[in-house]
Amino acid sequence: MHEAREAIIDRLARDLPTNIDLERYLNVVVSELGRMMEADRCDLLQLVEGKELRISHEWRRDKKVPSSLGTTIPVNAAKLAEQFDITRPISLNDTSKAKDATLKFFAKALETRSLLIVPIVLNGSVLGLLGLHDTKNPRIWHDEEVAFMESIARQLAVGYQYTTLFVAQQQESRRTNALLEIANTLNSHSDFNEVSSQVLERAIELVDADYGAIGVLDEAGKRVMLVSFKSAEGIKPSRVLKLVEQHGRSLKLDTFSAVGDLFREGRTVEFRDSQLPLAVRLIFNTQLGGKAALVTPVRVGGRTFGMLGFVWGKEAAFGEHDLALIEGMADQIGTALERDQLSAEVMRLKSELQLRQSEIIGQAAPIQRAIELAINVADTNTTVLIQGESGTGKELLANLIHFNSGREDGPYIKMNCGAIPESLLESELFGHEKGSFTDAHSRRTGRFEEADGGTLFLDEIGEMSTQAQVRLLRVLQDGEFTRIGGTEVLHSDVRVVAATNVDLEKAVEDGTFRKDLFYRLSVFPITLPPLRDRAEDIHPLVFHFLENYKEKTGRFVSGISKEALRAMINYEWPGNVRELENTIERAVIIASGRQIEADDLPEAISRRASESWARARQERVKAAGEGRSIGIEVELPSSMDEIERQVITATLEYTDGDKSRASRLLNIGRKTLYRKLEQYQGDGPE
């Protein structure tokens, strides 16, 4: 036995200095011991978190011997220690004669007739168990054999610890290099959005996952929006992406309690398909092809901003190394986002404001009502009239209607009636026959024919000539028309969406627009509010256009100052969203390489802001000199709505109810003040 022990240790020691491989080391141990002891089977059992015994390595005499590799036996380590001293060897010559129910259970589970278990102990802690089995016949385990196995176990404990430390060091080195690579990628460009896809792709390779995703938490903390998604090479994500699009690229936290726990507690969550509810498991298995997942929070400025998640299509055992690597990646992403606050803000706003195929951005009640009406009427054939000032986004609303109408696969023809000479307008709409007028050298197909089966968007319809209005009315009523100079009656299945920035009712009164056509067009009217009546949307619009023009111009802007943002929020915007977009494009060019300041804005905006601030300062100085200064006391915690209400109320008291003067001092439009006062009245007394 002494010679056998020395020979085994010799063979193991020979490999250790040059090639430290934990799996190989343990496999060599069980195979050498099994052969030397002439057992049917030799295995290594590991105690996992004190909750289960798992057979991780095994040697069998031949294939006829039943395998137990991978077997997991649930145990309660504390109760087990009360019945057995697991720090001492346990031998059963014949398990069929064992009186203890627990031992009989183990023997049956391991399919063994004769059993010797020797603990692997280091510093009083049991690292695992070595098992020798005869599966068919009883066997007497001699004291010399038990002592030999104990000697091997002691050597194994030292080697196991040495190898584990070495492997941990290697893993730490690999993790450090991986995180350094991720950090270099994030630092390679100033705009996080441009590198997030590369980071995710590399991260998937490093953790050997099938899918990876970055999600952002909304302001309310109730929903996670997907902002970046990648699949591993060779994985076709078509089913996944369809699933994502069907669910609006977002997930309600109350749908998956574990994800909600992740954000509330800020901890990494491990998912296994066997732990998921049946309905969720089916989606996880069939749609994602997933067996396991890891999700960890991404923090920006100490707060949970989003999540980083990975899905594996095979069974995966996650160790501390895996968790540390993924959490390290999340920290790197959070650091990059904290450095580029603009990208972080844009990422959240874009994910929150994305609505199907619409590009409309806005959370104010009037714009949300317009979007809701558009969605409701979209899948009908009803004619829609969109009204609103120039630059309010009428064409975007028409796009929303078409792309959600069921006609989105058909043609979508756009025509600006105000940009076409009156003499050519009818020809553009209905087409003409060859020779019908001078320069009509060939037959021409009109817009109604081109739009057959789809949507025709008629912008600035108030500019249409009276004669063209008559022909348009006939098409809307009967679906029939003739080309100019022709006699053939044509039929066209066209959904008409019209838009105007003029008051058509007044045009009817003035006799410039037909009353019957007005009534036919306004079956379903939708009015878009001017930007001055939806001041709360200026902030997200500013960040949307900032991101857009950073990308278009290739110029980096680190952010926007509070003064510049306040000036834009308080400006009246006579040109509406279009004017705001032009302002941001100009500011991005001027402020390249730094943040946008108030001086980078057009003079009309910066002057208005300066005048407003100067007026407020003068009022404060005058009031202080006359002893009329008043203030407000804010109780914390208070919502911004409550604080805003107090400020407006106090300002009205200061101006003796003069709303025009109050709006000037508050640096907001009169209509905005009136709307807020109506809102407060609707809310009732506090």
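Fair warning: this is a prediction, and the values are worked out from it, not measured in the lab.

Cut-offs applied
- Residues numbered from 1 in each chain as written.
- Predicted model: local features only at pLDDT ≥ 70, side-chain atom pairs only at ≥ 80, totals over all residues.
- Heavy atoms only, no water.
- Phe/Tyr/Trp six-rings, centres within 6.5 Å; stacked < 30°, edge-to-face > 60°.
- Helix = DSSP H or I, 4+ residues; strand = E, 2+ residues; numbered from the N terminus.
- Buried < 20%, exposed > 50% of the residue type's maximum accessible area, 1.4 Å probe, protein only.
- Salt bridge = Lys/Arg side-chain N within 4 Å of Asp/Glu carboxyl O.
- Core = buried A, V, L, I, M, F, W, Y, C linked by side-chain atoms within 4.5 Å.
- Contact = heavy atoms within 4.5 Å.
- Pairing = 2+ DSSP bridges.
- Axes fitted to C-alpha atoms, helices over the stretch in contact; angles between N-to-C directions.
- Polar contact = N/O pair within 3.5 Å; in protein donor to acceptor, adjacent residues only side chain to side chain.
- pLDDT = per-residue confidence, 0-100.
- Patch = residues over 30% accessible without salt bridge, like charges linked within 9 Å, V, L, I, M, F, W, Y side chains within 5 Å.
- Areas by Shrake-Rupley, 256 points an atom, 1.4 Å probe, with all protein chains shown as cover.
- Left-handed = near helix turned anticlockwise from the far one by under 90°.
- Nonpolar A, V, L, I, M, F, W, Y, C, P; charged D, E, K, R; others polar.
- Expected span 1.5 Å × (residues − 1).

J.: Can you lay out the packing of aromatic side chains for me, pointing to particular residues and giving the numbers?
T.: What the rule picks out here adds up to seven aromatic pairs. A centroid spacing of 6.0 Å and a plane angle of 45° characterise the contact between Phe 448 and Phe 481, whose relative ring orientation is tilted. Highlighted residues: Phe 448 in helix 15 (residues 447-450) and Phe 481 in strand 18 (residues 480-481), separated in sequence by 33 residues. Of the two residues, Phe 448 and Phe 481, both sit in the buried class. Ring centres of Tyr 571 and Trp 573 lie 4.7 Å apart, and the angle between their planes is 85°; on these two criteria the pair is classed as edge-to-face. Here Tyr 571 and Trp 573 have matching classes, each one buried. Each residue in the set Phe 430, Phe 448 and Phe 481 is aromatic and connected to the rest through ring pairs, giving one cluster.

J.: Please set out the pattern of salt bridges residue by residue, giving values where relevant.
T.: Working definition: two side chains of opposite charge can pair if their charged atoms are close together. The full count for this structure, using the stated rule, is 24 salt bridges. Arg 60 serves as the salt-bridge partner of Glu 58, at 3.7 Å between the closest nitrogen and oxygen. Between Glu 428 and Arg 444 there is a salt bridge, with its nearest N and O atoms 3.3 Å apart. A residue pair is termed long-range when its members are at least 10 positions apart, and Glu 428 in helix 14 (residues 422-430) and Arg 444 in strand 16 (residues 444-445) qualify at 16 residues. By relative accessible area, Glu 428 is classed as buried at 17%. Taking relative accessible area as the criterion, Arg 444 reaches 26% and is therefore assigned partly exposed.

J.: Explain the nonpolar core to me, and be specific about the residues and the numbers.
T.: Counting 31 residues, the largest nonpolar core has Phe 448 and Leu 458 as its most contacted members. Of all the elements in the fold, those that place two or more residues in this core are strand 14 (412-416), helix 14, strand 17 (455-459), helix 16 (466-478), strand 20 (495-500), helix 17 (504-510) and helix 18 (515-521). With five residues, the top contributor of residues to this core is helix 16. If sequence neighbours within four positions are ignored, Leu 458 has contacts with Met 415, Cys 417, Leu 429, Leu 472, Val 496, Val 497, Ala 498 and Ala 499. In terms of nonpolar packing, the next biggest core, distinct from the first, is built from 27 residues, Ile 538, Phe 543, Leu 546 and Leu 580 among them.

J.: How would you explain the sheet that holds strand 20 if you had to name every residue and give the values?
T.: With respect to topology, five strands assemble into an open sheet ordered 14-17-20-13-21, the strand pairing being parallel. Each end of this open sheet is capped by a strand with a single partner; those strands are strand 14 and strand 21 (524-527). Shown here is a sheet whose adjacent strand axes are inclined to one another by a mean of 15°, direction ignored. Where strand 13 (residues 384-387) and strand 20 come together, four bridges link them in parallel fashion. Each residue of the ladder has a partner; that of Val 384, found in strand 20, is Val 497.

J.: Talk me through the side chain of Ser 522; I want residue IDs and the actual numbers.
T.: Counting through the fold element by element, Ser 522 comes out in the loop between helix 18 and strand 21. According to the relative accessible area criterion, Ser 522 is buried, its value standing at 18%. Within the structure, the side chain of Ser 522 is placed 2.7 Å from the backbone oxygen of Phe 518, a separation counted as a polar contact.

J.: Go over the confidence of the model for the chain, please, and point to the residues and values.
T.: For the chain, per-residue confidence averages 77 on the pLDDT scale, and 73% of positions sit at 70 or higher. The low-confidence segment residues 238-248 (pLDDT under 50) makes 11 contacts with residues lying over four places distant or belonging to another chain. Long-range and interchain partners of residues 352-357, a stretch whose pLDDT sits below 50, account for 13 contacts in this model, where long-range means more than four residues apart.

J.: Explain the sheet that holds strand 5 (residues 114-122) residue by residue, including any values.
T.: Strand-to-strand pairing in sheets goes through backbone hydrogen bonds, with the strands running parallel or antiparallel. Taken together, six strands build an open sheet; the order of strands is 3-2-1-6-5-4 and the sheet is antiparallel. Unpaired on one side and paired on the other, strand 3 (72-74) and strand 4 (90-92) mark the two borders of the sheet. Each strand axis lies, on average, 20° off the axis of its neighbour in the sheet, ignoring direction. The sheet contact formed by strand 2 (residues 52-60) and strand 3 spans three bridges and is antiparallel. Looking across to strand 3, one finds that Glu 52 is bridged to Pro 74.

J.: Hey, could you go over the environment of Leu 677 for me, with residue numbers and the actual values?
T.: Here Leu 677 is to be found in helix 25 (residues 670-683). With 32 residues separating them in the primary sequence, Leu 677 and Arg 645 have C-alpha atoms 8.7 Å apart. Those residues in contact with Leu 677 that sit more than four places away from it in its chain are Ile 648, Leu 652 and Lys 659.

J.: Outline a nonpolar patch on the surface, supporting the account with residue identities and numerical values.
T.: Judged by side-chain polarity, Ile 632, Val 634, Leu 636 and Val 647 come together as a nonpolar surface patch covering roughly 330 Å² of accessible area. Within the secondary structure, Val 647 sits in helix 23 (residues 640-654). Its relative accessible area of 31% is what places Val 647 among the partly exposed residues.

J.: I'd love a proper account of the packing of helix 12 (residues 365-378) against helix 13 (residues 394-403), names of residues and values included.
T.: The N-to-C vectors of helix 12 and helix 13 enclose an angle of 35°; their axes lie 8 Å apart at closest approach. The interaxial crossing formed by helix 12 with helix 13 has right-handed handedness. Across the interface between the two elements, Ala 370, Ile 371, Ala 374, Ile 375 and Ala 378 of helix 12 pack against Leu 397, Leu 400 and Ile 401 of helix 13. The residue inventory of the contact of helix 12 with helix 13, partitioned by class, reads eight nonpolar, no polar and no charged.

J.: Could you give an account of helix 19 (residues 538-553), with specific residues and numbers?
T.: Since one α-helical turn is 3.6 residues long, residues separated by three or four positions face the same way. Across its 16 residues, helix 19 extends 22 Å between first and last C-alpha, which sits within 8% of the 22 Å expected from 1.5 Å per residue. Regarding helix 19, the residues found buried are Ile 538, Pro 540, Leu 541, Val 542, Phe 543, Phe 545, Leu 546, Glu 547, Tyr 549 and Lys 550. Positive backbone phi, at 70°, marks Gly 554, one or two positions downstream of helix 19.

J.: Please give an account of the pairing of strand 17 that cites residues and values.
T.: The buried fraction of strand 17 amounts to five of the five residues, a majority that puts the element mostly inside the structure. Both faces of strand 17 are covered, namely the face carrying Thr 455, Phe 457 and Asp 459 and the face carrying Leu 456 and Leu 458. In the sheet, strand 17 pairs with strand 20 via four bridges, with the strands oriented parallel. Bridge pairing in strand 20 places Leu 458 opposite Ala 498.

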